[in-house]
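Now for the letters of each chain:
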Amino acid sequence: MEKLQVISGLFPMIAVIVSITVGGWVITTWLRIKNGYPLDGAWGQALHPKSDRESMERIKLLSTENAQLRAELGSVKDRLETIERIVTDQPSRLAQEIDRLAIDKGGHA
């Protein structure tokens, strides 16, 4: 009888510890999946997702689009620098540069 009481007293504690452990594992796995981290197998080996032809093609397209967007961003930065220079320069200096360009092209100032 006494052993049965000890076991019945320990059972809720063991159940709580097991529940917390399993819950922590589930939450950790969910966070890894959500944030794109690789999952671990039963013996600690990394489980990487299988890559197929469709995903490789998608990666290639995204890489190409990324390169195009970087090139476009570079040209936008150059244009912005030019606009900033025009806006911050003195008006007389801008007028002189316009006159100089007009004279260089054969016009009259």
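Please read these numbers as outputs of a predicted model, since none were measured by experiment.

The subject of this paragraph is the overall build of the protein chain. Summing up its helical and strand segments, the protein chain has three helices and two strands in all. Along the protein chain, from the amino end to the carboxyl end, the secondary structure elements read α-β-β-α-α. Taking 2.2 N^0.38 as the reference for a compact globule, 109 residues should give roughly 13 Å; the C-alpha atoms of the protein chain span a radius of gyration of 34 Å, well beyond that estimate. Considering the protein chain as a whole, with its 109 residues, one finds that 2% of them fall into the buried category. For the protein chain, the accessible surface area stands at approximately 10,500 Å², while carbon and sulfur atoms represent 64% of it.

A complete count under the given rule lists one salt bridge for this structure. Here R85 ties to E97 by a salt bridge, and the two come within 3.9 Å at their closest N and O atoms. A residue pair is termed long-range when its members are at least 10 positions apart, and R85 in helix α2 (residues 53–88) and E97 in helix α3 (residues 91–104) qualify at twelve residues. Taking relative accessible area as the criterion, R85 reaches 38% and is therefore assigned partly exposed.

Further remarks concern the environment of I86. Mapped onto the secondary structure, I86 falls in helix α2. Measuring from C-alpha to C-alpha, the distance between I86 and Q68 comes to 27 Å, with 18 residues separating the pair along the chain.

It is worth spelling out the environment of V6 at this point. Residue position: V6 is located in helix α1 (residues 2–35). Judged by its relative accessible area of 48%, V6 is partly exposed. Spatially, the C-alpha atom of V6 lies 37 Å from that of G41, the residues being 35 residues apart in sequence.

So, on to the confidence of the model for the protein chain. For the protein chain, mean pLDDT is 84; residues scoring 70 or higher make up 91% of the total. Mean pLDDT in the protein chain bottoms out at strand β2 (residues 46–47), which sits at 70, and peaks at α2, which reaches 90.

Each value, and the rule that gives it
- Residues numbered from 1 in each chain as written.
- Predicted model: local features only at pLDDT ≥ 70, side-chain atom pairs only at ≥ 80, totals over all residues.
- Heavy atoms only, no water.
- Helix = DSSP H or I, 4+ residues; strand = E, 2+ residues; numbered from the N terminus.
- Rg over C-alpha atoms; globule rule 2.2 N^0.38 Å.
- Buried < 20%, exposed > 50% of the residue type's maximum accessible area, 1.4 Å probe, protein only.
- Areas by Shrake-Rupley, 256 points an atom, 1.4 Å probe, with all protein chains shown as cover.
- Salt bridge = Lys/Arg side-chain N within 4 Å of Asp/Glu carboxyl O.
- pLDDT = per-residue confidence, 0-100.

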